[in-house]
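Each chain, letter by letter, is given below.
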Amino acid sequence: MPTKEQERLRESYTTPVPPWRRWGPYVSERAWGTVREDYSADGNAWDYFPHDLARSKAYRWGEDGLAGICDRYQLLCFALALWNERDPILKERLFGTVSSESNHGEDVKEYYFYLDSTPTHSYMKYLYKYPQAEFPYANLIAENRARAGRNLPEFELLDTGVFDEDRYFDVFVEYAKAEPEDICIRIEAFNRGPADAPLHILPHLWFRNTWAWGPEAWGPEAKPEPSIRAGAQGKDWLSLEAAEDASEPLPNLPFTYELGPRYLYGASEGAELLFTDNETNGQRVWGWGAQSRKPYVKDAFHWHVIAGEQCVNPAQVGTKACLHYKLNVPAGGSVVVSLRLSDQQLANPLKDVEKIVKQRRKEADEFYAAIQPPQATEDERRVQRQAFAGMLWSKQIYLYDVERWFTGDNPNFPPPESRRHIRNFRWLHLNSMRVLSMPDKWEYPWFAAWDLAFHCAPLAIVDPEFAKEQLWLLLFEQFQHPNGQIPAYEWEFSDLNPPVHAWAVWRVYNMDRVSSGKGDRLFLEKCFHKLMINFAWWVNKVDSEGNNVFEGGFLGLDNITVVDRSTPLPNGARLEQSDATGWMGMFCLNLMRIALELAKEDKAYEGLATKFFQHYVYVGAAMKHMGNRNYQLWDEKDGFFYDVLRYADGTFHKFRVRSLVGLIPLYAIERLEEDWIEPFAEFKSNLHWFLKNRQDIVQRCVTTVEHGGRVVHVLAIVNEEQMRHLLERIWDPHEFRSDYGLRSLSKFHEQHPFSFGDNRVGYEPAESIVMLKGGNSNWRGPLWFPTSFLMIESLRKLGKAFGAAVQIDSPVAGEPPVTLDQMARGFADRMISIFTRNEEGRRPAHGWYEKFQTDPHWRDLVLFYEYFHGDTGMGLGASHQTGWTGLVASLIDEWRR
């Protein structure tokens, strides 16, 4: 029998705005400091809109807040604000240091956790840890700036001592939908300290400012505005009533979307209703004498609560409102604030809040009990569920009209002309009002193409329809460029991310086919057509010489190589990249597989399958042949793939850096079994012709093996001997094998750094020492989930192809040889163990922080970092990148069944 949540999932995609998904956690953790809000002349988004102005300046392209939720198009938002009577700032949003304030790039300096969520957000749970002392904003900035040496760790909030003696609040926020648009809210604040402490809880309700951006906004022709007013009251409750202006429909929608009236109910005891407008405080933002559109502005609650100023609207109306509860939380005790945000006028709104929250919590337990793998330990289940929670909480509405952003809202005050030459000027067609899966809603509150592709693997376990929708969106006309390129990320849509979209489409299609019993051919076919356009763009744009060897540039690996691959090289030099060419080989095989699947019902696709098989062969052969040149990407002496710097005069320099760049060609792996391809007569005939008549190139990347009477063609850029060379290095703990996964750079370079001119590449297992691409990511040694996940998948495919006959010797005395399947499991177990308690009861991801390792209120809270220390497994970089680090949920799902 399906669970209640599974029943809700089945009914969700029946309308343009599925009812149970109409409200969700679509509010960002950070809208300040983003490209979308940057209207500067120099493109410095961090300086143009810093954290200090976030409470005072109205956002143009989307809101942020603590534990925030909103409707599908973010007309109305709800979030939490707090004050401990010591902070200089009302806590309405998360704080973090930016690049100029840090020694390792931007970083959130707060502790918050996505604890639970169902796919339809019928139940959600969030935790924020709020210090009782003054929040150390200045100390965090000063100390991180002082750590000028790149090899010093970041200075974190726990390092400040602000949580000493447990003087902090655990603030839990739970959401439970009674109906799709009737949401019960339970806020419980625990005082973990030894003494009673004051806490102000201010649940906020506000409209996103959609009315103040045109030239008419300051005159009599201003757009009608929505309003929030004091609503009905009962014996022990009061309410806010929010009403949109129905005469202003949302633009660019093929249907009419109306929010309708909303009512926020709360207990009347101790509550004060406050009202203002979601408008910029002109004087504070633009300087003395600057005008504000309205007398009551966005930061009014801050000034009223903290400074006691009479700056809220006494008429009790506005576009931003809150219920202000001033509470005393006893030592070791807690206080509860119950609320209800509904589309209904209710006679006794708070009566059933506890009951509904408890019921939805129980249904969430039943849903995960039904889908979690039976062989997972209790701790692995806990990790997986929090990983899913992070994935689901990291949905965000991504509002961005690039053309409107360039031209500005008011022709009388256009943005600086220089902006048209900084970034994204080739992407005027991009126009988004979509809910997208974010890498990290604070550090990366914008979609990234290859991140999103990896997100969809774990998302497809809990919500395949949403995963399929996400993959299609980046191929939709409002995202994919007319020339075929998929946008990378908002800092520069034209940057190149690895072409993993086809891999994700094929994987999610098969996951959905297995779970539902039927493949979604329409999804696969429409994606395939757009992916072919994207493939053509890669071939025409990135293979500049037409020799099937690709340059590619950045490709997501930041500082992995000796030069900045995003920057054009001087004097006509070109970098021919092993990873770019390997990615393209994988792209070919993904499209070949999809074409064969579609050919089951339409034989016309067999010709396309042949085309992509042949293109794969040309790519694979080129990596080791290079068109009769005197060099190749494969190095026979070292048994490794390297990048080659080719000069205009034909001379070249091989970058002998053993990194993921040289392992990525292993991702291009598929098997074609003779009996499986029997139904595809045209493809089979073409394949056999190619194998027979083009042995000069086929022998370099197709190996035919026989197991148990079955003939299998192994499509791999490496032959068996080359594969062994690479796998020996991968399994060597002195090179790529860590106790916690696959290193991004060989540990060999710790003692043997590679130098080229003034540039040097050495093994850096923690944060980056060499600054390339911002400095907050490091691919010179740490462990990364997306690349490790693909390697595990490749090892499994190779294991199926070659069987147990291929074994890899270990250089460690006493360790037995391993099969390819055992190697895959070894890496999967290592990656899972980053988050689970070891025999000493410690989670490697938490590193040296004893609070996280031993405190009962911290030790089971898991953070899904961007990457991990190459030797210790400690989490590094963005702390809430459940995005692709959420792949641990997939590893647990696949390796514990």
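Scope of this entry: the structure provided in the associated data block.

How each quantity is defined
- Residues numbered from 1 in each chain as written.
- Predicted model: local features only at pLDDT ≥ 70, side-chain atom pairs only at ≥ 80, totals over all residues.
- Heavy atoms only, no water.
- Helix = DSSP H or I, 4+ residues; strand = E, 2+ residues; numbered from the N terminus.
- Rg over C-alpha atoms; globule rule 2.2 N^0.38 Å.
- Buried < 20%, exposed > 50% of the residue type's maximum accessible area, 1.4 Å probe, protein only.
- Areas by Shrake-Rupley, 256 points an atom, 1.4 Å probe, with all protein chains shown as cover.
- Disulfide = S-S within 2.5 Å.
- Phe/Tyr/Trp six-rings, centres within 6.5 Å; stacked < 30°, edge-to-face > 60°.
- Lys NZ or Arg CZ within 6 Å of the ring centre and 35° of its normal.
- Pairing = 2+ DSSP bridges.
- Axes fitted to C-alpha atoms, helices over the stretch in contact; angles between N-to-C directions.
- Parallel < 35°, antiparallel > 145°, perpendicular 65-115°, else oblique.
- Left-handed = near helix turned anticlockwise from the far one by under 90°.
- Contact = heavy atoms within 4.5 Å.
- Nonpolar A, V, L, I, M, F, W, Y, C, P; charged D, E, K, R; others polar.
- Salt bridge = Lys/Arg side-chain N within 4 Å of Asp/Glu carboxyl O.
- Lys, Arg positive; Asp, Glu negative; His and termini not counted.
- Polar contact = N/O pair within 3.5 Å; in protein donor to acceptor, adjacent residues only side chain to side chain.
- Core = buried A, V, L, I, M, F, W, Y, C linked by side-chain atoms within 4.5 Å.
- Expected span 1.5 Å × (residues − 1).
- Arc of directions from axis to C-beta.

1. Some remarks on the overall build of the chain
Of the regular secondary structure elements, the chain holds 24 helices and 35 strands. A compact globule built from 897 residues would reach a C-alpha radius of gyration of about 29 Å, and the chain, at 28 Å, matches this within 12%. For the chain, with 897 residues in total, the buried portion stands at 65%. As displayed, the chain offers around 31,600 Å² of accessible surface, 49% of which is attributable to carbon and sulfur atoms.

2. A few points about the state of the cysteines
Each disulfide consists of one covalent bond between the sulfur atoms belonging to two cysteines. Enumeration according to the criterion identifies zero disulfides in this entry. Lacking any disulfide linkage, C184 is separated from the closest cysteine sulfur, that of C70, by 19 Å. Judged by relative accessible area, which is 0%, C184 ranks as buried. We note that C527 lacks a disulfide partner, and the nearest cysteine sulfur, in C456, lies 10.0 Å from it. Owing to a relative accessible area of 0%, C527 belongs among the buried residues under this scheme.

3. Some thoughts on the packing of aromatic side chains
As enumerated under the stated definition, the model contains 77 aromatic pairs in all. Note on W32 and W442: the rings are 5.8 Å apart at their centroids and 75° apart in plane angle, and the pair reads as edge-to-face. In this pair, W32 is assigned in the loop between strand 1 (23-24) and helix 2 (45-48) and W442 in the loop between strand 19 (431-437) and helix 10 (449-462), connecting sequence segments 410 residues apart. Members of the aromatic cluster, connected to one another through ring pairs, are Y39, W61, Y398, Y400, W405, F406, W427, F447, F479 and F493. Geometry around W858 places K129 over its ring, the cationic atom sitting 4.3 Å from the centre.

4. Thoughts on the sheet that holds strand 8 (residues 168-179)
Strand pairs in the sheet, formed through backbone hydrogen bonds, run parallel or antiparallel to each other. Pairing within the open sheet is antiparallel, and its nine strands lie in the order 6-7-8-9-17-13-12-11-15. The sheet is open, and its two edges are formed by strand 6 (111-117) and strand 15 (317-318), each paired on a single side.

5. Section: unusual backbone geometry
Of note, the phi angle at D166 is positive, near 60°, even though the residue is not glycine. The residue D166 is located in the loop between helix 4 (137-146) and strand 8 in this model. Its identity as a non-glycine residue notwithstanding, N424 has a phi of 65°, on the positive side. Within the secondary structure layout, N424 lies in the loop between helix 9 (402-407) and strand 19.

6. A closer look at the packing of helix 10 against helix 11 (residues 464-473)
Two numbers describe how helix 10 lies on helix 11: the axes approach to 7 Å, and their chain directions differ by 160°. Taken as axis vectors, helix 10 and helix 11 run roughly antiparallel relative to one another. The crossing of helix 10 and helix 11 is left-handed. Counting all contacts with helix 10, which are made through L452, A453, C456, L459, A460 and V462, the residues of helix 11 involved are P464, F466, A467, Q470 and L471. Tallied by class, the residues present in the contact of helix 10 with helix 11 amount to 10 nonpolar, one polar and no charged.

7. A short note on the environment of P2
Note that P2 resides in the segment before helix 1 (4-10). The class of P2 is partly exposed, set by a relative accessible area of 27%. Along the sequence, P2 and I533 sit 531 residues apart, while their C-alpha atoms lie 40 Å from each other. Look past the residues within four positions of P2 in its chain and what remains in contact with it is E7 and R10.

8. Concerning the pairing of strand 25 (residues 669-673)
Within strand 25, five of the five residues are buried, which leaves it mostly tucked inside the rest of the structure. Where burial is concerned, the two faces of strand 25 agree: the one with I669, R671 and E673 and the one with E670 and L672 are both buried. Alignment of strand 25 against strand 27 (residues 710-716), held across five bridges, turns out to be antiparallel. Residue pairing across strands places L672 opposite H713, the latter belonging to strand 27.

9. A look at the pattern of salt bridges
Inspection of every chain in the model, using the stated rule, returns 77 salt bridges. Residues K468 and D520 are paired through a salt bridge, measuring 2.7 Å at the closest nitrogen-oxygen approach. Of the two residues, K468 is situated in helix 11 and D520 in the loop between helix 12 (501-516) and helix 13 (521-542); the sequence distance between them amounts to 52 residues. D520 gets classed as partly exposed once you look at its relative accessible area, which sits at 24%. When the shortest N-O distance is used, the salt bridge between E735 and R729 registers 2.8 Å. The pair E735 / R729 is uniform in exposure class, with both members buried. Counted as one network, the salt bridges with shared partners bring together E378, D379, R382, R837, R843 and D860.

10. A few points about the side chain of E37
Looking at the element boundaries, E37 is found in the loop between strand 1 and helix 2. Lacking a salt bridge, the buried E37 has K57 as its closest oppositely charged neighbour, with an N-O distance of 4.9 Å. A polar atom in the side chain of E37 sits 3.0 Å from the backbone nitrogen of R60. The residues contacting E37, other than those within four sequence positions of it, are A31, Y48, F49, Y59, R60, W61 and G62.

11. Considering the nonpolar core
Counting 279 residues, the largest nonpolar core has Y126, Y175, M592, F683 and F835 as the members making the most contacts within it. In terms of residue count, the dominant contributor to this core is helix 14 (residues 578-599) (13 residues). Those residues within four positions of F683 in sequence are excluded, and the remaining contacts are M592, L596, E606, A609, T610, F613, L672 and I677. Among the nonpolar cores identified, the runner-up in size contains 13 residues, and Y123, A178, L350 and I356 belong to it.

12. Considering the side chain of R360
For R360, the location among the structural elements is in helix 7 (residues 353-371). Assessed through its relative accessible area of 11%, R360 is described here as buried. Ignoring any residue separated from it by four or fewer positions in sequence, one finds R360 in contact with R8, W20, S122, Y123, A176, K177 and A178.

13. Topic: the environment of N559
The residue N559 is located in the loop between helix 13 and strand 20 (574-576) in this model. Judged by its relative accessible area of 0%, N559 is buried.

14. Thoughts on the pairing of strand 11 (residues 227-230)
Where strand 11 and strand 12 (residues 237-243) come together, four bridges link them in antiparallel fashion. Bridged to R229 within strand 12 is E241. The antiparallel hairpin formed by strand 11 and strand 12 contains six residues in its connecting segment. The sheet contact formed by strand 11 and strand 15 spans two bridges and is antiparallel. Residue pairing in the sheet places R229 in a bridge with V317 of strand 15.

15. A word on helix 21 (residues 820-833)
The terminal C-alpha atoms of helix 21 lie 20 Å apart, and with 14 residues this matches the ideal 20 Å at 1.5 Å per residue to within 8%. Taken together, the buried positions of helix 21 are occupied by L820, M823, A824, G826, F827, A828, R830, M831 and I832.

16. Some details on the environment of K654
Among the secondary structure elements, K654 is positioned in strand 24 (residues 652-655). With 10 residues separating them along the chain, K654 and V644 place their C-alpha atoms 4.5 Å apart. When neighbours within four sequence positions are excluded, K654 is seen to be in contact with Q632, W634, D635, Y642, D643, V644 and F754.

17. Topic: the sheet that holds strand 25
The strand order across the open sheet built from three strands is 25-27-26, with neighbouring strands paired in antiparallel fashion. Since the sheet does not close on itself, it has two edges, and those belong to strand 25 and strand 26 (702-707), each with one partner. When the angles between neighbouring strand axes are averaged without regard to direction, this sheet yields 25°. Contacting strand 25 and strand 27, helix 14 crosses the sheet at an angle of about 35° to strand 25. Sitting on the sheet, helix 17 (residues 681-693) touches strand 25, strand 26 and strand 27, and the angle it makes with strand 27 is about 70°.

18. Quick look at helix 7
Spanning 19 residues, helix 7 covers 27 Å between terminal C-alpha atoms, matching the ideal 27 Å at 1.5 Å per step. Among all positions of helix 7, only V353, I356, V357, R360, E363, A364, F367, Y368 and I371 are buried. End-on view of helix 7: buried residues confined to an arc of 130°, all on one side of the axis. What points out from helix 7, more than 90 degrees from its buried face, is the exposed set K355, K358 and A369.

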